[in-house]
Amino acid sequence: MSRKEDTQSFSFVNWLYKLGPVIALIVLIVFISFFNPNFLQTSNLLNLLRQVSTNALIAFGMTFVIITGGIDLSVGSVLALSSALTAGLVVSGFNPVGAVAIGLLLGSVFGLISGFIITKGKMAPFIATLATMTIYRGITMVYTNGNPITGVGESRFIKILGKGYLYGIPIPVIITLVVFVILSILLHKTAYGRKVYAVGGNEDAAYIAGINTGRIKLSVYAISGFLSSLAGLMLISRLNSAQPTAGSAYEMDAIASVVLGGTSMTGGRGTLWGTLVGALLIGTINNGLNLMGVSSFYQQIVKGIVIIVAVLLDRRRND
Amino acid sequence: MKKFASLLTLLVLMLSACGNGVTVDGDNEGNTDDASEATETVAPEDMTIGLSLSTLNNPFFVSVQQGVEGVAKENNSTVKTVDAQDDSAKQQNDMSDLIQQGVDIILVNPVDSAAIESSIESANDAGIPVITIDRSSDGGKVVSLVASDNVAGGEMAANYIIDQLGENAKVVQLEGVPGASATNERGEGFNNVASESLDVLDSQTANFNRSEGLTVMENLLQSHDDIQAVFSQNDEMALGAVEAIEAAGLSDDIIVIGFDGTDDGLASVEAGDLSATIAQQPEEMGKIAVQTAYDYLAGKDVEANVASPLELKTK
């Protein structure tokens, strides 16, 4: 075999692996729609996309964090705390638009605090965000006294965030797509994005090359916090209340989506597009197995197996 | 920071700019009355029942499921069960999945009474009738609530403690998931009697969970050395509390009263560990819920509150 053919077949295999998650998604969709024709109805697809949007937003932020070689376990708690504080403001009669803006700002600050502990405290991201995860959950419980905050649905603006439609398309889906486009440009087309990859690829080299690695790391945790609180705002709208236990274990689905999308847990490599596909995969598994009437016990097993298979494929891609 | 600001402005602008194309779930609330009124009758053998449970990680709801599926099987109805794993957001997804499948009726046991409201409104919009089980909904149009009379059960428990230990006995209360109607109602019933005739030292939540019941009880034993009785708002927490009390060597000094009458709870009463339990009959509750669904879809009138039987079980 000539050398040229060899590289060609290699790039074909490479290409196949790159499309792995998309192919898995298509196979899954074909499989589920075979068993349940309801799956492909427009109303169910919109329903599925709306279900995916919460996890997708959190997973986008997680992608930035993981590309820098970090991890953010606090996303679910940031979601719960910022949405409880926002709901508290709305219920006490504060302007809903202002309350939402404050909620998003607070979410970013909560992320920033994690980032600050990691960079200034030189603490492993896993430990730092494990700590902030329980701290934020605790503050949420103290603030809400363990009870849900109800009555946020009085405001039409809040209602629209999670339950609204624009020309028939759910608002959460539109928000997620807009955020996806903005973040994709930020990550893949700007100097900032290249710095994020550089920090994850080799932090020392990036530092020597003149990148303020500390500031880049701070910023990715702030992005993660911002997106978690945005996801939380959509949830309080959909649930018409802020739940103190909201977002428990959401970091798991987010990390799974990022990993399924081919982002390397050691940093320096990954795409937002992959994460979007990963989130769709996780959402399709949940929705599709529900439609097929599969017990939730089996659903958890299937999710775990899909993650293992995806990571095995990912490793082969790197070899 | 600039990037966040511009992202934020963009989102707000986007939402406000295209205001006229915007609609919201529940906007057509005016029509829901016609939509959710059962105009055509459905026979049990043609019926698909959607069952959304708060969790299957608790034997109580497994019994409810068995009750539902038992009756459904006898009548050749199809049941689609979804499990929210105690997450309100997941339950909302489960509910929309059931609505998508076009089930004939939904039986739902809400994780949280407030959070379930919008799902019930969506079902109303889709013209699917809803029956709630064990916990109520704060809103939306519900055909019936099938539940034990939890207030009466709470009173029953307090009266039992008075019978056993006399007035002004020192009690602690283990509360369920905050905000759940079972928590509120059982607590209300208990306090109705206890505030007059018992000395309630402390009330703490253990989220209806056995392992939390254990740790919360351990903590309570540290902070109070004169506890005579424990009222636990469910059996799972009570069984956790029993473990803590046994470990502390106080089994002879403290009586524990559970609520629900799960298999484990009843076995523990038989063994003499739990002093009593206010037994619900979850399987019965599931059966009653399906029967109510059959009645409703046969065009019969059904009660808004259907009581499932309660019983004080002692050794």
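The text that follows walks through the structure, step by step, so that each part is easy to find. No experiment lies behind these values; they were computed from the predicted model shown.

Here we look at the overall build of chain A
Alright, step 1. Check the secondary structure of chain A and you find 14 helices and four strands.
Alright, step 2. For a compact globule of 319 residues, the expected C-alpha radius of gyration is about 20 Å, and chain A comes in at 20 Å, within 12% of that figure.
Alright, step 3. Expressed as lengths along the three principal axes of its C-alpha atoms, the size of chain A is roughly 75 × 55 × 35 Å.
Alright, step 4. Here chain A, with 319 residues, has 56% of them falling under the buried criterion.
Alright, step 5. Summed over all atoms, the accessible surface of chain A reaches about 13,700 Å², with 69% contributed by carbon and sulfur.
Alright, step 6. Within chain A, one finds 21 positive and 10 negative side-chain charges whose respective centroids are separated by 8 Å.

Quick word on the pattern of salt bridges
Residue and element names in this part refer to chain B.
Alright, step 1. If you walk through the whole model with that rule in mind, you get nine salt bridges over all chains.
Alright, step 2. For Arg186, the salt bridge goes to Asp260, with nearest N and O atoms at 3.2 Å. Of the two residues, Arg186 sits in helix α7 (residues 181-197) while Asp260 sits in strand β10 (residues 255-260), which places them 74 residues apart along the sequence.
Alright, step 3. Classification of Asp260 by relative accessible area gives buried; the value is 5%.
Alright, step 4. Here Asp295 ties to Lys300 by a salt bridge, and the two come within 3.7 Å at their closest N and O atoms.
Alright, step 5. Overall, the relative accessible area of 21% leaves Asp295 in the partly exposed class.
Alright, step 6. When salt bridges that share partners are traced, they join Arg210, Glu236 and Asp264 into one network.

Looking at helix α7 (residues 156-163) of chain A
Residues and elements named next belong to chain A.
Alright, step 1. In terms of burial, α7 is a largely internal element, six of the eight residues being buried.
Alright, step 2. Those residues of α7 not exposed but buried are Phe157, Ile158, Ile160, Leu161, Gly162 and Lys163.
Alright, step 3. At the N-terminal end of α7, a side-chain oxygen is found 3.3 Å from the backbone nitrogen of Phe157, two or three residues along, and the residue is Ser155.

Some details on the interface of chain B and chain A
Alright, step 1. With 42 residues of chain B in contact, the opposing surface of chain A contributes 51 residues.
Alright, step 2. In total, about 4,100 Å² of surface goes out of reach between chain B and chain A, with carbon and sulfur atoms giving 60% of it.
Alright, step 3. Joining chain B to chain A, the criterion identifies one salt bridge.
Alright, step 4. A salt bridge links Lys163 of chain A to Glu121 of chain B, with the nearest nitrogen and oxygen atoms 3.9 Å apart.
Alright, step 5. Between chain B and chain A we count 13 residue pairs in polar contact (both at pLDDT 80 or more) in total.
Alright, step 6. Residue assignment for the side of chain B that touches chain A shows that the elements contributing at least two residues are α1 (2-17), β1 (22-24), β3 (78-83), α4 (88-100) and α5 (117-125) of chain B.
Alright, step 7. Of the residues in the side of chain B that touches chain A, the class split is 18 nonpolar, twelve polar and twelve charged.

Looking at the packing of aromatic side chains
Alright, step 1. Applying the stated criterion to the full structure yields seven aromatic pairs over all chains.
Alright, step 2. One aromatic cluster in this structure is built from Phe31, Phe34 and Phe35 of chain A.
Alright, step 3. The aromatic ring of Phe259 of chain B is capped on one face by Arg186 of chain B, whose charged end is 4.0 Å from the ring centroid.

So, the sheet that holds β1 of chain B
Alright, step 1. Spatially, three strands are ordered β3(A)-β2(A)-β1(B) in an open sheet, and the strand pairing comes out antiparallel. Each edge of the open sheet carries a strand with a single partner, namely β3 (169-170) of chain A together with β1 of chain B.
Alright, step 2. As paired elements, strand β2 (residues 164-166) of chain A and β3 of chain A share two bridges and run antiparallel to each other. By the bridge assignment, Tyr165 of chain A is partnered in β3 of chain A with Pro170 of chain A.

Remarks on the sheet that holds strand β7 (residues 170-175) of chain B
Residues and elements named next belong to chain B.
Alright, step 1. Ordered by their spatial adjacency, six strands build an open sheet running β8-β7-β9-β10-β11-β13, and the pairing between neighbours is mixed. Because the sheet does not close on itself, it has two edges, and the strands there are β8 (199-205) and β13 (310-314). Within this sheet the neighbouring strands show an average axis-to-axis angle of 15°, counted without direction.
Alright, step 2. As paired elements, strand β9 (residues 229-232) and β10 share three bridges and run parallel to each other. Looking at β10, one finds that Val230 is bridged to Val256.
Alright, step 3. Packed onto the sheet, helix α8 (residues 210-223) meets β7, β8 and β9 and runs at close to 150° relative to β7.
Alright, step 4. Where helix α9 (residues 235-247) meets the sheet, its contacts fall on β7, β9, β10 and β11 (276-280), and the angle it forms with β10 comes to roughly 160°.

Observations concerning the environment of Pro44 of chain B
Residues and elements named next belong to chain B.
Alright, step 1. Structurally, Pro44 is set in the loop between α2 (32-36) and β2 (48-53).
Alright, step 2. Through-space distance from the C-alpha of Pro44 to that of Glu270 is 39 Å; in sequence the pair is 226 residues apart.
Alright, step 3. Residue contacts for Pro44: discarding those within four places in its chain leaves Asn75, Asn76, Ser77 and Tyr294.

Describing unusual backbone geometry
Alright, step 1. Positive phi values are uncommon outside glycine, yet Tyr167 of chain A reaches one of about 45°.
Alright, step 2. Of note, Tyr167 of chain A is situated in the loop between β2 and β3.
Alright, step 3. Here the phi dihedral of Asn76 of chain B falls at roughly 60°; this positive angle occurs in a residue that is not glycine.
Alright, step 4. As for its position among the elements, Asn76 of chain B is in the loop between α3 (59-74) and β3.
Alright, step 5. Given a relative accessible area of 56%, Asn76 of chain B falls into the exposed group.

Observations regarding the pairing of β10 of chain B
Residues and elements named next belong to chain B.
Alright, step 1. Most of β10 sits inside the fold, with six of its six residues counted as buried.
Alright, step 2. A crossover connection joins β9 to the parallel β10 through α9; in handedness this β-α-β unit is right-handed.
Alright, step 3. Both β10 and β11 contribute to a ladder of four bridges, which runs parallel. Note that in β11 the partner of Ile257 across the bridge is Ala276.
Alright, step 4. For the crossover from β10 across helix α10 (residues 263-271) to β11, the handedness is right-handed.

Overview of α8 of chain B
Alright, step 1. Helix length check: α8 of chain B, at 14 residues, gives a terminal C-alpha distance of 20 Å against a target of 20 Å (1.5 Å per residue), a fit within 8%.
Alright, step 2. Turning to α8 of chain B, the residues buried within the fold contact β7, β8, β9 and α9 of chain B.

Cut-off values and rules
Residues numbered from 1 in each chain as written. Chains lettered and ligands numbered in written order. Predicted model: local features only at pLDDT ≥ 70, side-chain atom pairs only at ≥ 80, totals over all residues. Heavy atoms only, no water. Helix = DSSP H or I, 4+ residues; strand = E, 2+ residues; numbered from the N terminus. Rg over C-alpha atoms; globule rule 2.2 N^0.38 Å. Buried < 20%, exposed > 50% of the residue type's maximum accessible area, 1.4 Å probe, protein only. Areas by Shrake-Rupley, 256 points an atom, 1.4 Å probe, with all protein chains shown as cover. Lys, Arg positive; Asp, Glu negative; His and termini not counted. Charge placed at Lys NZ, Arg CZ, Asp CG, Glu CD. Salt bridge = Lys/Arg side-chain N within 4 Å of Asp/Glu carboxyl O. Polar contact = N/O pair within 3.5 Å; in protein donor to acceptor, adjacent residues only side chain to side chain. Contact = heavy atoms within 4.5 Å. Buried area = accessible area lost by both parts, 1.4 Å probe. Nonpolar A, V, L, I, M, F, W, Y, C, P; charged D, E, K, R; others polar. Phe/Tyr/Trp six-rings, centres within 6.5 Å; stacked < 30°, edge-to-face > 60°. Lys NZ or Arg CZ within 6 Å of the ring centre and 35° of its normal. Pairing = 2+ DSSP bridges. Axes fitted to C-alpha atoms, helices over the stretch in contact; angles between N-to-C directions. Right-handed = clockwise from strand over helix to strand, strands pointing away. Expected span 1.5 Å × (residues − 1).

It is worth stressing that arrangement in space is one thing and function is another; only the former is reported here.
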